[in-house]
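# Examination of the molecular architecture
Each chain, letter by letter, is given below.
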Amino acid sequence: MVTEKQRAHAATLRSLQTDGVLVLPNAWDAGSAALIAAGGAEAIATTSAGVSWGLGRPDGQNLTRAEMVDAVARIAATVDLPVSADIEGGYGPGVDDVVATVRAIVEVGAVGINIEDSRAPGGPLFDADAQAARIRAVREAAAAAGLPELVVNARTDVFLFGIGPEEGRLDDVLARARAYADAGADSLFVPGLLDLDVLTELTSRVDLPVNAMAGPGAPSVDDLRAAGVRRVSVGQTIAQAAYTLARRAAAEILGKGTFDALADADPFGDVDGAFPARPAAAP
């Protein structure tokens, strides 16, 4: 059952990406979400890559709906912040698949989603009309689940996967943005696009807030803001760095017998204290 707090979180998420620039260091489990919240995040977005890696899978629509929903449920139960779920392609190509996914993530407390237009990693993409029908189904499913305020971040992978001739990609994204907005999307996510001139043109020609995916070597948040971007996420990069640290620390400990890679870790009490106290589990 949707609560008033969940509705309030949905309103907060919507305002954060329309009234300023929403910066989202993406989480992949309850622990990463708690520490990202402790770092000052105003909302939590998940990364399918991080969730997949945590379950021993590669990224790219290799999760089941139940596995993704379980991860979102744990995050939403741990942080008192708006939570937006990366639902990849909706866990199935059909409208019924998308509807089932939206109902499930609303039930566990999410107030936003990313839904992508890739049929598979690397493409092909759903055509604009087919993806618009899926987004329309998201809107209807959210309303039926009691959360018409659900924030729908419509992801297009035209730039990420280099779909079509380079000179036509911006026009393709603009056409998709119009179709997705008409279907009920609240924002437009264009991973793979970090050219500030192209972003400036895109943000000036679409009505939806634009989400860019940044990381090492990307323009700064201030530069992206100046280009008109209203939402900045980092995808899998924090999870990638965390797993890289695990490998490097293990190699150092096993190879050199030293522990320098672990020297900058937060104190145990700071990490442990980021989690809400709960009653002890029954034996």
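Predicted, not measured: the structure shown is a model, and the values here were computed from it.

The terminal C-alpha atoms of helix H1 (residues 4–16) lie 18 Å apart, and with 13 residues this matches the ideal 18 Å at 1.5 Å per residue to within 8%. Within the sequence span of H1, burial applies to Gln-6, His-9, Ala-10, Leu-13 and Leu-16. Buried positions in H1, seen along its axis, are confined to an arc of 130 degrees and lie on one side of it. Where H1 is buried, its residues meet strand E1 (22–24), strand E3 (83–86), helix H5 (95–107), strand E4 (112–116) and strand E5 (151–155).

Turning our eyes to something else, we now look at the sheet that holds strand E8 (residues 231–233). Read across the sheet, 8 strands follow the order E1-E8-E7-E6-E5-E4-E3-E2 without closing on themselves; strand pairing throughout is parallel. The open sheet has two free edges, formed respectively by E1 and strand E2 (44–45), since each of these has just one partner strand.

Membership of the largest hydrophobic core comes to 75 residues, with the highest contact counts inside it found for Ile-44, Met-68, Val-102, Ile-105, Ile-113, Leu-150 and Leu-202. Among the elements that take part in this core, helix H7 (residues 169–183) stands out by supplying 7 residues, more than any other. When sequence neighbours within four positions are dropped, the list of residues in contact with Met-68 reads Leu-63, Ala-85, Asp-86, Ile-87, Tyr-91, Thr-101 and Ile-105.

On the surface, a cluster of nonpolar side chains totalling about 500 Å² of accessible area is made up of Leu-245, Ile-253, Leu-254, Phe-259 and Leu-262. By secondary structure assignment, the location of Ile-253 is in helix H10 (residues 237–255). What makes Ile-253 partly exposed here is its relative accessible area of 32%.

Below, the discussion takes up the packing of helix H2 (residues 30–38) against helix H4 (residues 65–78). For the pair H2 and H4, interaxial distance at closest approach is 8 Å and the crossing angle is 35 degrees. The element H2 and its partner H4 pack so that their crossing is right-handed. For the pair H2 and H4, contact is made by Ala-30, Ala-33 and Ala-34 and by Arg-74, Ile-75 and Thr-78, respectively. Here the residues of the contact of H2 with H4 sort into 4 nonpolar, 1 polar and 1 charged.

Geometry of a packed helix pair, given as the angle between the helix axes and the separation of the axes. Running from N to C, H5 and helix H6 (residues 128–144) point in directions that differ by 35 degrees, and their axes come no closer than 9 Å. In this structure, H5 crosses over H6, and the sense of that crossing is right-handed. Side by side, H5 and H6 meet where Val-95, Val-98, Val-99 and Val-102 of the first sit next to Ala-133, Arg-134, Ala-137, Val-138, Ala-141 and Ala-142 of the second. Of the residues assigned to the contact of H5 with H6, the class counts are 9 nonpolar, no polar and 1 charged.

We now examine the pairing of E4. In regular strands, side chains alternate between the two faces of the sheet. The element E4 is largely enclosed, with a buried count of 5 among its 5 residues. A two-sided burial pattern is seen for E4, the buried positions comprising Gly-112, Asn-114 and Glu-116 on one face and Ile-113 and Ile-115 on the other. Regarding topology, H5 serves as the crossover connection from E3 to the parallel E4, and that connection is right-handed. Of the pairings in the sheet, the one linking E4 to E5 comprises 5 bridges and is parallel in character. By the bridge assignment for E5, Glu-116 is matched with Arg-155. For the handedness criterion, the β-α-β arrangement of E4, H6 and E5 is classed as right-handed.

Another aspect to go through is the side chain of Thr-78. Inspection of the secondary structure assignment puts Thr-78 in helix H4. There is a polar contact of 2.7 Å between the side chain of Thr-78 and the backbone oxygen of Arg-74.

Cut-offs and rules
- Position numbers for residues start from 1 in each chain and track the written sequence from start to end.
- In keeping with the model being predicted, local features are shown solely for residues with a pLDDT of at least 70 and side-chain atom pairs are shown and tallied solely at 80 or more, while totals for entire chains, interfaces and linings include all residues.
- Neither water nor hydrogens contribute to the side-chain values; these are computed over all heavy atoms in the structure.
- Working definition: helices are DSSP H or I runs of at least four residues, strands are E runs of at least two. Numbering for both runs from the N terminus.
- To estimate how far a helix should reach, multiply one less than its number of residues by 1.5 Å.
- Each residue is placed in one exposure class: buried if its accessible area under a 1.4 Å probe, protein chains only, is under 20% of its type's maximum, exposed if it is over 50%, and partly exposed if it falls in between.
- Working definition: the arc comes from the directions between the helix axis and the C-beta atoms, pointing outward to the latter.
- Contact between two residues is taken to exist if any of their heavy atoms lie within 4.5 Å; hydrogens are not considered.
- At least two DSSP bridges between two strands are required for those strands to pair.
- Among buried residues, the Ala, Val, Leu, Ile, Met, Phe, Trp, Tyr and Cys ones that are joined through side-chain atoms within 4.5 Å form a nonpolar core.
- Here, patches come from residues exposed beyond 30% relative accessible area and free of salt bridges, joined within 9 Å for like charges and within 5 Å for nonpolar side chains (Val, Leu, Ile, Met, Phe, Trp, Tyr).
- We get accessible surface area from the Shrake-Rupley algorithm with a probe of 1.4 Å; when it comes to residues, only the shown protein chains can shield them.
- By definition, a salt bridge exists where a carboxyl oxygen of Asp or Glu is found within 4 Å of a side-chain nitrogen of Lys or Arg.
- For helices, the fitted axis covers only the stretch in contact; all axes are lines through C-alpha atoms, and the angles between them, taken along N-to-C directions, range from 0 to 180 degrees.
- Put simply, a crossing is left-handed when the front helix is turned counterclockwise from the back one by less than a right angle, and right-handed when it is turned clockwise.
- Amino acids are sorted into nonpolar (Ala, Val, Leu, Ile, Met, Phe, Trp, Tyr, Cys and Pro), charged (Asp, Glu, Lys and Arg) and polar (every other residue, Gly among them).
- Handedness is read with the strands pointing away from the viewer; a crossover is right-handed when the path from the first strand over the helix to the second is clockwise.
- Side-chain atoms alone can form a polar contact between residues adjacent in sequence; in general such a contact is a pair of N or O atoms within 3.5 Å, and within protein one must be able to donate a hydrogen while the other accepts it.

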